[in-house]
Every structure is written in C-alpha cells, then in structure tokens.
Amino acid sequence: MKNIIILLVLLLGFNAQTALAPQLKNEPQIRYKIKVPNNVTATQVRNVVNMLNKYEFDIAGINEAQRTIEVITTTKGLSFLKEKGFDGQMVRTDFSPDQRFLNPTTLTSKLSALNQAYPQLSRVIELGKSNQGRPVLAMLVSTTLDYNSAEYFQKPTIIIDGLHHAREIMTPEVVFDVAETVLKNAQTPQGQEILKNWNIWVIPMLNPDGSNIVWTSNSMWRKNARSSLDGVHGVDINRNYNYRWGECNGSSGSQGSDTYRGATAASEPEVKAFNTLTDHVRPTAYLSYHSYSELVLHPYGCYGDLTSENALIKKVANELASLLPRDDGRGNYKPGAPWEILYGVDGSSMDFMYAAYGTLSYTFEVNQDFHPSYSLREPTLLKHRKAWTYFMNRSGKNMLKVQVVDGLNQLQRAPLVAAIAVDKIKHLKKEMPLRTNNFGVFFKVLDPGEYIVSAKLADGRVGMTKVVMQNQPQTISIVIK
C-alpha cells in the first residue's frame with residue numbers, strides 16, 4: 001500500500017511538460033515496463049494507469065499476470081520515472097516486426113486475390129484515401145453485393161476493422177481472416193447460416209499510412225500521417241470520431257502526444273472514409289481489433305459512463321471473454337468498459353458506433369505485445385474465429401427486425417424512413433436518435449423481454465407495436481397511416 005500511495009502522490013504532482021510522450025518523428029522512443037508491487041490492487045493499478053495517461057505517457061499495455069504497465073516515452077520521461085522510483089526494465093526497440101505480417105502492399109494483394117477466388121460473394125471497395133494518398137480498403141462479404149439495393153438492406157450489417165493504431169500488426173491478420181474464413185466455409189452449414197443472416201464488411205487496415213511508417217522507419221508509430229510544416233506529427237484516429245470528441249480527458253490536444261485527437265472531430269480522411277460507409281449501411285454490430293492487453297472492451301470510454309443497455313452489453317462481453325484464453329494460458333481475456341479496466345477514452349470508434357446507430361459494439365485487445373512472434377498468429381486467429389462466429393450467431397438469434405410501411409396506400413405498402421424508439425433504451429449520453437435505413441428497415445439486438453417499439457415520420461405521424469423477444473429472431477411491421 002505504501003508503494004502505491006507514493007506512486008499516486010508523484011503522479012498527481014506531474015504536469016504536462018514533465019511527463020513527455022514521444023514527440024515528433026525524430027524523437028527517440030523508449031519502451032519501459034513498470035513493475036507493479038504484489039500488494040497493489042487492480043483498482044490501484046488502474047488509478048496509476050489513468051494518471052500516466054492523463055499526463056500524456058503513451059500507455060502501451062498492461063500485463064496483469066506479470067504485473068507490468070508498459071509505457072512508451074522519451075529519454076526525459078524515462079529519467080523522470082526512474083528518478084521518482086518507478087522500477088522496471090527497458091524493452092528492446094531496435095528490431096522490425098516479422099516481415100510475414102501484413103503491410104499495405106501485401107494486404108492489397110491478398111484482398112484482390114480473395115475477391116478473385118470468390119467473386120460471387122465478395123467485393124473490394126475503396127472507402128477513401130489516406131493523408132498520403134493510400135487507399136483505405138474494405139471488403140464486403142455477402143450474398144448481395146449491391147449495397148445500394150433494397151435487397152441488401154433486408155439483412156443487418158456487421159463491420160469488423162483493424163489497425164486504427166499502426167503498430168498493432170496482428171489486427172489486420174485477424175480481420176482479414178474473418179473474410180477468408182467465411183468465404184472458404186460458404187458451402188458449409190455454419191458458413192451458410194452466417195451469410196444468410198449478415199452483410200459483413202471487413203476493414204483490415206484503417207491506417208495504411210501509419211502502417212507504412214511502422215514498416216519503413218518507426219516500428220512503434222501509433223498514429224496516422226497527418227503532417228505540418230514541422231513534418232509528420234500524426235493523429236490518433238481512434239480519438240478522432242465525432243462522438244464525445246475531446247470531452248472527458250480521454251485524448252490529448254497536443255500534436256506530440258500519441259493520443260492527439262486532431263484539430264477537429266472527424267478531421268482525418270481515414271475517419272471520414274469510415275463514416276461514409278457507416279452512415280450508408282447503419283451497422284447493427286461492430287468489432288474493432290486492437291492490441292494489446294487481452295481485453296474485451298465495451299462502451300463507454302468516458303469515466304463513469306455506461307449505456308442504458310449495459311445489462312445486455314456486459315453479458316455479451318463476458319460471454320466473449322470466456323471464449324478467449326490468454327496467450328500464456330493464465331485465464332481468459334478481461335471484459336469491461338475502458339475506464340473500468342484501462343483508462344478514460346473519448347472520440348473512439350466503438351463509442352461512436354453505439355451512439356450514432358445503436359450498434360452492439362466491442363473492442364478486442366489481442367496478445368501481450370504490439371509485435372508478437374509470428375508463431376502466435378495462428379493461435380490468435382483460431383481463438384478469435386470462435387469469438388466472432390459466436391458473436392454473429394448469438395446476435396442473429398436475438399435480432400429484432402422492424403419494417404416501417406405506408407398504411408395510407410393499401411396496394412403498395414411502400415417502406416418509410418422513420419425515427420425508431422424502443423421503450424427500454426434511454427438516450428442519456430448525447431446519443432443520436434435511432435432510425436431505419438433508407439428502405440424503412442431497422443435492426444436491433446435485444447435481450448429477451450417485452451418491448452414497445454415506435455416509429456415516427458418526419459411529418460409527425462407515429463405508429464407503435466409490442467414485441468416479445470425470446471432468444472429467436474423476430475420481424476415486426478409498423479404500419480403508419
């Protein structure tokens with residue numbers, strides 16, 4: 001207890017100029033694993049992590065089994081930590097990631113080859129371009145490849161992404177494996193079930209510029225390649241989304257920080273590309289892959305905040321964690337909101353997806369290093385196949401489909417775009433109103449129970465109905481006259 005009190009007192013005395021994260025591109029980066037005393041509780045460790053994060057140390061990850069907190073810092077930051085009694089050890093940074101992991105060039109080739117092998121069930125789309133002109137690529141895996149058609153919007157959409165943060169090199173492997181596995185198993189009962197129930201979008205590498213930096217000049221680079229007159233400073237694109245952007249000390253306003261949130265919300269081309277897709281397809285489910293620490297994170301990131309659906313969200317997080325053994329075999333992934341088990345976060349994709357569309361959203365933090373051994377690739381893919389397959393199947397069995405139709409024209413019964421409200425879902429944290437897609441359909445994963453669902457048109461007309469969810473998919477129509 002004495003040790004942790006000393007740590008907290010010291011941290012409370014930091015100022016933003018004292019605790020320096022790596023600054024511009026030429027600043028040397030040092031990885032340092034702080035050893036946490038055995039008598040320190042998990043809550044106290046989180047307090048230390050929150051303070052380190054608040055004062056702009058780059059928190060790489062936490063290893064509960066080894067009782068370490070890894071920070072990436074500067075020579076000055078390291079000297080300060082040692083001076084104040086933070087015992088630990090340096091981690092080598094003078095090596096490059098294993099060349100067999102995906103980079104922007106090899107990913108593009110693999111997506112193209114997979115599409116050519118399964119042209120009837122896949123489509124590669126350029127969502128946009130990065131700051132340096134690289135394509136942000138996505139693959140649609142679906143029985144309906146025209147994502148502007150009415151047929152497409154009769155099924156819910158799931159989006160799975162990786163590599164928001166450039167150094168997290170395992171994440172494109174997992175996300176690409178989702179598409180490859182579903183397509184290779186398309187003729188099996190399991191594959192057919194997934195394709196019957198879902199439109200699947202995978203974005204294996206949302207940050208291709210950052211990935212290029214990792215592979216060519218700085219293996220610990222985290223951000224994108226946003227530049228200024230001083231050179232590349234980068235923006236943390238997972239702090240750049242336009243929900244609670246910069247609101248709760250979960251990001252930094254300093255360009256030199258590894259959690260720099262950008263000049264304005266959704267300023268970055270990678271985020272704009274992502275948002276163009278999400279605004280069009282209005283996803284029902286979302287998985288975002290990050291590293292590291294072996295966690296299952298759920299909304300929200302701001303301290304003390306949870307959604308009104310936390311009972312369902314937490315239950316699914318616990319179920320997913322139970323399927324994911326840690327790499328060292330010591331227990332399973334740990335579930336929780338970021339502020340509960342890591343630190344406060346604002347402007348993240350996970351929170352944005354829930355708040356904007358009511359999407360059932362999770363973040364997986366994989367492995368115990370940014371650059372794990374390539375030998376861990378296959379075990380990581382295997383365990384996560386179980387997790388994302390379970391997530392899709394479980395969500396599909398608890399899916400409500402709402403169709404809003406015109407009751408004034410008895411012959412055509414045309415679909416209507418409408419705002420949707422579910423009586424047990426409260427919007428208390430600046431969430432955006434729920435609504436149907438452009439073909440009058442809304443999907444929502446719900447816990448078993450009785451719900452009142454209402455639909456409201458722009459002209460003020462309202463319809464409503466009652467539905468009972470019983471661990472099986474339900475379709476209801478709301479006819480508005």
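J.: Please clarify how the pairing of strand β1 (residues 30-35) should be interpreted in this entry.
T.: Each regular strand displays side chains that alternate between the two surfaces of the sheet. For β1, a buried count of five out of six residues is recorded, marking the element as mostly surrounded by other parts of the structure. Judged from the six bridges that link them, β1 and strand β3 (residues 68-73) form a sheet pairing that is antiparallel. Each residue of the ladder has a partner; that of Lys-35, found in β3, is Thr-68. In this structure, β1 lies alongside strand β4 (residues 88-91), joined through four bridges in antiparallel fashion. Looking across to β4, one finds that Arg-31 is bridged to Val-91.

J.: Help me understand the pattern of salt bridges in this model?
T.: Close approach of charged atoms lets side chains of opposite charge pair. Using the criterion set out here, one finds 27 salt bridges in the structure. Close ionic contact of Asp-98 with Arg-100 constitutes a salt bridge, the shortest N to O distance being 2.9 Å. In this structure Asp-98 comes out as partly exposed when scored by relative accessible area, which is 26%. Since its relative accessible area comes to 54%, Arg-100 is described here as exposed. Linking Asp-327 and Lys-383 is a salt bridge whose minimum nitrogen-to-oxygen distance equals 2.8 Å. In this pair, Asp-327 sits in the loop between α9 (310-322) and β13 (334-336) while Lys-383 sits in helix α12 (residues 377-397), placing the two residues 56 residues apart along the sequence. Exposure remark for Asp-327: the relative accessible area of 27% places this residue in the partly exposed category.

J.: Any chance you could explain the sheet that holds strand β19 (residues 449-456) here in plain terms?
T.: Strand pairing in a sheet is mediated by backbone hydrogen bonds. Such pairs are either parallel or antiparallel. Read across the sheet, four strands follow the order β17-β16-β19-β20 without closing on themselves; strand pairing throughout is antiparallel. Strands with a single pairing partner mark the edges of an open sheet, and in this sheet they are β17 (434-435) and β20 (462-469). One ladder, built from four bridges, connects strand β16 (residues 419-422) with β19; its direction is antiparallel. Within the sheet, the bridge partner assigned to Val-422 lies in β19 and is Val-453.

J.: Explanation requested: α9 in the structure shown.
T.: For the α-helix, the turn length of 3.6 residues means that residues three or four positions removed from each other point alike. For α9, which comprises 13 residues, the first-to-last C-alpha distance of 18 Å matches the rise-based estimate of 18 Å (1.5 Å per residue) to within 8%. Buried within α9 we find Asn-310, Leu-312, Ile-313, Val-316, Ala-317, Leu-320 and Ala-321. Buried residues in α9, looked at end-on, bunch into an arc of 165°, giving them a common side. Tucked inside the fold, the buried residues of α9 contact β12 (295-297), β13, α11 (349-357), β14 (360-365), α12 and β18 (441-445).

J.: Please explain the nonpolar core as it appears in this structure.
T.: Most often, soluble globular proteins keep nonpolar side chains buried together rather than apart. Of all hydrophobic cores here, the largest spans 110 residues; its most connected members are Ile-200, Trp-201, Tyr-362 and Val-453. Setting aside residues up to four positions removed in sequence, Trp-201 forms contacts with Ile-125, Ala-138, Met-139, Leu-140, Tyr-147, Tyr-152, Thr-157, Ile-158, Ile-159, Ile-160, Leu-277 and Val-281. Membership of the second largest hydrophobic core comes to 24 residues, among which are Ile-34, Val-40, Ile-69 and Tyr-343.

J.: Looking at this structure, how should I read the sheet that holds strand β15 (residues 399-406)?
T.: Read from one edge of the open sheet, three strands run β18-β15-β21, paired in mixed fashion. The open sheet has two edge strands, β18 and β21 (474-480), and neither has a second partner. Neighbour-to-neighbour, the strand axes of this sheet turn through a mean angle of 20°, independent of strand direction. The pairing of β15 with β21 spans seven bridges and is parallel. Pairing of Leu-400 across the sheet is with Gln-474, part of β21.

J.: Help me understand helix α3 (residues 75-83) in this model?
T.: Considered for burial, the residues of α3 that qualify are Gly-77, Leu-78, Phe-80 and Leu-81. The buried residues of α3 occupy one face: seen down the axis, they fall within an arc of 160°. What points out from α3, more than 90 degrees from its buried face, is the exposed set Lys-76 and Glu-83. For α3, the elements touching its buried residues are β1, α2 (42-54), β3 and β4. At the exit of α3 stands Gly-85, carrying a positive phi of roughly 95°.

J.: What exactly am I supposed to notice about the pairing of β19 here?
T.: The pairing of β19 with β20 spans eight bridges and is antiparallel. Considered in β20, the bridge of Ser-454 is made with Met-464. Joining the antiparallel neighbours β19 and β20 is a turn of five residues, in which Gly-460 adopts a positive phi near 100°.

J.: Can you help me understand the packing of aromatic side chains in this one?
T.: Between two aromatic rings, the relevant description is the distance of the centres plus the angle of the planes. Tallying each qualifying case throughout the model produces 14 aromatic pairs. For the ring pair Tyr-152 and Phe-153, a centre distance of 5.0 Å and an interplane angle of 80° mean the geometry is edge-to-face. The exposure class of Tyr-152 is buried, given its relative accessible area of 0%. A ring pair is formed by Tyr-289 and Phe-364, whose centres lie 5.0 Å apart and whose planes are at 35°; its orientation type is tilted. Pair noted here: Tyr-289 is in strand β11 (residues 285-290) and Phe-364 is in strand β14, with a separation of 75 residues, a long-range link. An aromatic cluster is present here, built from Tyr-241, Phe-274, Tyr-286, Phe-352 and Tyr-357 joined pairwise through their rings. Of note, Arg-261 hangs over the ring of Trp-245, and the distance from its end group to the ring centre comes to 5.6 Å.

J.: What's the story with the packing of helix α6 (residues 189-197) against α12 in this structure? I'm lost.
T.: Packed helix pairs are specified by the crossing angle of their axes together with the interaxial distance, meaning the distance between the axes. At their nearest, the axes of α6 and α12 sit 10 Å apart, and the two run at 55° to each other. Considering the angle they form, α6 stands oblique to α12. Pair α6 / α12 crosses with left-handed handedness. Seen from α6, the contacting residues are Gln-190, Glu-193 and Ile-194; seen from α12, they are Trp-388, Thr-389, Met-392 and Asn-393. Of the residues belonging to the contact of α6 with α12, the class tally is three nonpolar, three polar and one charged.

Analysis parameters
- Residues numbered from 1 in each chain as written.
- Predicted model: local features only at pLDDT ≥ 70, side-chain atom pairs only at ≥ 80, totals over all residues.
- Heavy atoms only, no water.
- Buried < 20%, exposed > 50% of the residue type's maximum accessible area, 1.4 Å probe, protein only.
- Helix = DSSP H or I, 4+ residues; strand = E, 2+ residues; numbered from the N terminus.
- Pairing = 2+ DSSP bridges.
- Salt bridge = Lys/Arg side-chain N within 4 Å of Asp/Glu carboxyl O.
- Expected span 1.5 Å × (residues − 1).
- Arc of directions from axis to C-beta.
- Contact = heavy atoms within 4.5 Å.
- Core = buried A, V, L, I, M, F, W, Y, C linked by side-chain atoms within 4.5 Å.
- Axes fitted to C-alpha atoms, helices over the stretch in contact; angles between N-to-C directions.
- Phe/Tyr/Trp six-rings, centres within 6.5 Å; stacked < 30°, edge-to-face > 60°.
- Lys NZ or Arg CZ within 6 Å of the ring centre and 35° of its normal.
- Parallel < 35°, antiparallel > 145°, perpendicular 65-115°, else oblique.
- Left-handed = near helix turned anticlockwise from the far one by under 90°.
- Nonpolar A, V, L, I, M, F, W, Y, C, P; charged D, E, K, R; others polar.

Everything listed is a geometric property; what it means functionally is a separate question.
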